[in-house]
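# Reading the structure
Chain by chain, the residues:
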Amino acid sequence: MKSLKNHIAVILPLFVLLFCMQLLFSINTVVQNYEKKLTDGYVIMIVSQKSLDENILKSKIASIDSMSEISSKEILDRLKKDISSTNLSLLQVALPKFYSIKLKKLPSQKALDGIKKEFQKIDSITKVETFSQTYSKIYKMFLFVQQLSSVFVVLILIISVLLIFKQMKIWVLEHQERMSIMTLFGAPFWMKSAFLYKLAILDSILSAIFVGLLFYYAPQILNIKLFFESIDVVFPRFDLVADLGFLLGFSVIFSFFIVSFVIAKMRTS
Amino acid sequence: MENVINAQQITLGYGRDEPVISGVDMQIKPHEFVFITGKSGSGKSTILKSLYGDIVPLRGDLNVCGVNIKNISNANLNLLRRYLGIVFQDYRLINEWSIEKNVMLPLMIGGFSKGVCLKQAQKLLKHVNLLHKADKYPLELSGGEQQRAAMARALAHNPVMILADEPTGNLDEYSSELIWDLLKNAREHLGTTVVVVTHHIPPDISINYKHYFLESGVLYEVS
């Protein structure tokens, strides 16, 4: 019973720590995906008296991802019936060039104003339409959640580390007598501490597996699935190899470091 | 033959300003059986602690098995202790381990295979009449049985020297006799040097021994 309590005292904070980390990664991925979706659907329209060269434009405005010319043929075809061919030819010559510009990432309003000014500096450009409603409310909410969860994760990290430290200290104290007896018979450091490392590694593996299973199965629960669909969000799929591998690696290294630190600290004191 | 223990004018204590014993000279040859006696609090255990490097002499030179204890590194201290067998009055067995595993400890530290450790542990447990209790835990045994197990542990790796601190202090007659027999046999049959710290030398001990007496922080050799 005591042993179980000891394990839970490490597994629980480690679980919370890993859960928060994985949640933060997932939120970041969701925000990135959503941003990409918004960026893909977002264009700036520019009107120019002359043809524009994409490379020259890109060298002036670094945030441009691609530029495509909007053909005026369709508009002119519609006017064919109402206008004489001479006038149509004149109109074709006089008609400015229309371009659609895609950006590398969705800009903030301030950045967008800057981009607009840059375009306006180019002589041939007569009109720039930025469709200033750049951020949807849901995107703003995602950004807010992302920031908030970062702060939350840092706080949880500090609390978890303190709790794990405390528990490791209890372990070391509990096993101090055993360690001192082993010292009397000339046991090397690794042998004396092997038991503590084994406990720490076992608990970190268990915590990582619990978090992995939660992130793997939870998004498959119907209610959670429906919730994400309702807010037009695709929750990132938990990769049982890469993501669980990362969690396991982090968890084991983290607890290994804490055990070493606590033992070293208690040895010097 | 080179002394196993060579102490020259050593001062021992737990703080630089609080020496417990000073000016100790002690030479112990291989295969000797040595008693260090004295009143409670006279510093007998302090001398023993210095012999297994638990405390370092404040002054003077102390060599154990050819190793200078004063400037010994942790790694060398560990190595030295692998040549020693230590017995304490309070047994110092690992309570979470079975008796068998406790006896195996010095062999495990020595890097022997599990099979060798197990075989040797069983042999020694049989020797101290505890084989039938090999899988019991220390707290399930009587004081005498625990000390016998501790004795088996001290002998498990055929140490060069056994250091025993009041080994029969808390024991009944049967266990005391068994402990003394084991110590005598270790010296006679294995050639182990034995240093015992005790209040009284058993009157019926039939062995040649060297006797040091400690009084008021000074060690005398009793002829």
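This section reports on the structure supplied with the text. (Residues numbered from 1 in each chain as written. Chains lettered and ligands numbered in written order. Predicted model: local features only at pLDDT ≥ 70, side-chain atom pairs only at ≥ 80, totals over all residues. Heavy atoms only, no water.)

Below, the discussion takes up the overall build of chain B. Scanning chain B for helices and strands turns up 6 helices and 10 strands. For the C-alpha atoms alone, the extent of chain B along its principal axes is close to 50 × 40 × 35 Å. Residues counted as buried form 54% of the 223 residues belonging to chain B. Sequence-distant contacts, at least 24 apart, represent 68% of the contacts inside chain B between residues at least 6 apart. Within the structure as shown, chain B displays about 10,200 Å² of accessible surface, and the carbon and sulfur contribution to it stands at 47%. Looking at chain B, you have 22 positive and 23 negative side-chain charges, and the mean spots of the two groups are 6 Å apart. (Helix = DSSP H or I, 4+ residues; strand = E, 2+ residues; numbered from the N terminus. Buried < 20%, exposed > 50% of the residue type's maximum accessible area, 1.4 Å probe, protein only. Contact = heavy atoms within 4.5 Å. Areas by Shrake-Rupley, 256 points an atom, 1.4 Å probe, with all protein chains shown as cover. Lys, Arg positive; Asp, Glu negative; His and termini not counted. Charge placed at Lys NZ, Arg CZ, Asp CG, Glu CD.)

Below, the discussion takes up the layout of surface pockets. Residues and elements named next belong to chain A. Space inside the largest pocket adds up to approximately 580 Å³. Taken together, 18 residues line the largest pocket, and the ones lying closest to its centre are M179, S180, T183, K192 and R267. Counting residues per element, the lining of the largest pocket draws most heavily on helix α7 (residues 176-184), which supplies 5 residues. Class assignment of the residues belonging to the lining of the largest pocket gives a composition of 7 nonpolar, 6 polar and 5 charged. Along the walls of the second largest pocket sit 18 residues, with L23, I27, F227, F228 and F235 positioned nearest its centre. Residue assignment for the lining of the second largest pocket shows that the elements contributing at least two residues are α1 (2-41), α6 (137-174), α8 (189-217) and α9 (222-230). When residues of the lining of the second largest pocket are assigned to their parent elements, the largest contribution, 5 residues, is made by α1. Of the residues in the lining of the second largest pocket, the class split is 18 nonpolar, no polar and no charged. (1 Å grid on protein atoms, 1.4 Å probe; cavity = no way out; pocket = protein on both sides within 12 Å on 5 of 7 lines; lining within 4 Å. Points joined across faces, edges and corners; volume = space filled by probe spheres on them. Nonpolar A, V, L, I, M, F, W, Y, C, P; charged D, E, K, R; others polar.)

Now for the side chain of T37 of chain B. Residue and element names in this part refer to chain B. When you line up the elements, T37 lands in strand β3 (residues 33-38). The buried category is assigned to T37, whose relative accessible area is 5%. One polar contact links T37 to H211, side chain to side chain, over a distance of 2.6 Å. For T37, the residues in contact, after removing those within four places along its chain, are K44, T198, H199, I201, H211, Y212, F213 and L214. (Polar contact = N/O pair within 3.5 Å; in protein donor to acceptor, adjacent residues only side chain to side chain.)

Before going further, it helps to examine the packing of helix α3 (residues 99-109) of chain B against helix α4 (residues 114-127) of chain B. Between two packed helices, what matters for the description is the angle formed by their axes and the separation of those axes. Residues and elements named next belong to chain B. Where α3 meets α4, the closest approach of the two axes is 9 Å, and the angle between their N-to-C directions is 125 degrees. Considering the angle they form, α3 stands oblique to α4. α3 and α4 meet at a crossing whose hand is right-handed. Only K114, C117, L118, Q120, A121, Q122, L124 and L125 of α4 make contact with α3, whose side of the interface consists of I99, E100, V103, M104, L107 and M108. Residue composition of the contact of α3 with α4, grouped by class: 10 nonpolar, 2 polar and 2 charged. (Axes fitted to C-alpha atoms, helices over the stretch in contact; angles between N-to-C directions. Parallel < 35°, antiparallel > 145°, perpendicular 65-115°, else oblique. Left-handed = near helix turned anticlockwise from the far one by under 90°.)

Residue and element names in this part refer to chain B. One finds I5, M26, I36, L51 and V195 to be the most contacted residues of the largest nonpolar core, which totals 42 residues. What L51 contacts, discounting residues up to four positions off in sequence, is I5, M26, L62, V64, I69, L84, L163 and V195. Residues I99, A150, A156 and I205 belong to the second largest nonpolar core, which totals 38 residues. (Core = buried A, V, L, I, M, F, W, Y, C linked by side-chain atoms within 4.5 Å.)

Okay, the packing of helix α5 (residues 143-155) of chain B against helix α6 (residues 173-190) of chain B next. Residues and elements named next belong to chain B. In the contact formed by α5 and α6, the axes pass within 9 Å of each other and the chain directions differ by 10 degrees. In this view, α5 runs roughly parallel relative to α6, as classed from their interaxial angle. Packed against α5, whose contacting residues are G144, E145, Q147, R148, M151 and L155, the element α6 presents Y174, S175, L178, I179, L182, L183 and A186 at the interface. Residues that form the contact of α5 with α6 fall into these classes: 8 nonpolar, 3 polar and 2 charged.

All names here are of chain A. Under the defined criterion, the tally for this structure stands at 16 aromatic pairs over all chains. Centre to centre, the rings of F25 and F246 are 5.7 Å apart; their planes meet at 70 degrees, and the pair counts as edge-to-face. Remark: F246 occurs in helix α10 (residues 242-268) and F25 occurs in helix α1; sequence separation between them is 221 residues. Residue class for F25 comes out partly exposed when judged on its relative accessible area of 34%. For the ring pair F215 and F238, a centre distance of 6.4 Å and an interplane angle of 35 degrees mean the geometry is tilted. With F215 in helix α8 and F238 in the loop between α9 and α10, this residue pair connects regions lying 23 residues apart in the sequence. Relative accessible area serves as the criterion here: at 3%, F238 is assigned to the buried category. Taken together, F15, F19, F215 and F238 form an aromatic cluster joined through their ring pairs. Cation over ring: R178 sits above F195, and NZ or CZ is 4.3 Å from the ring centre. (Phe/Tyr/Trp six-rings, centres within 6.5 Å; stacked < 30°, edge-to-face > 60°. Lys NZ or Arg CZ within 6 Å of the ring centre and 35° of its normal.)

Right, let's get into the environment of F215 of chain A. By relative accessible area, F215 of chain A is classed as buried at 6%. Ignoring sequence-local partners within four residues, the contact set of F215 of chain A consists of F19, Q22, L23, S26, F235 and F238 of chain A.

As a further point, take the sheet that holds strand β10 (residues 218-222) of chain B. All names here are of chain B. Taken in spatial order, the 6 strands of this open sheet run β6-β7-β8-β3-β9-β10, and their pairing is mixed. Of all strands in the sheet, those bounded by a partner on one side alone are β6 (84-87) and β10. In this sheet, neighbouring strand axes are inclined to one another by 15 degrees on average, regardless of whether the strands run parallel or antiparallel. Running over the sheet, α5 touches β6 and β7 (161-165) and is turned about 170 degrees from β6. (Pairing = 2+ DSSP bridges.)

With that settled, consider the pattern of salt bridges. Close approach of charged atoms lets side chains of opposite charge pair. All names here are of chain B. Enumeration according to the criterion identifies 9 salt bridges over all chains in this entry. Between K44 and E166 there is a salt bridge whose closest N-O contact spans 3.9 Å. In this pair, K44 sits in helix α1 (residues 44-51) while E166 sits in the loop between β7 and α6, placing the two residues 122 residues apart along the sequence. In this structure K44 comes out as buried when scored by relative accessible area, which is 6%. Residue E166 is classed as buried on the basis of its relative accessible area of 9%. Across the salt bridge formed by R81 and D54, the nearest N and O atoms sit 3.8 Å from each other. Of this pair, R81 sits in helix α2 (residues 74-81) while D54 sits in the loop between α1 and β4 (59-64), and the two are 27 residues apart along the sequence. By relative accessible area, which is 42% here, D54 ends up partly exposed. (Salt bridge = Lys/Arg side-chain N within 4 Å of Asp/Glu carboxyl O.)

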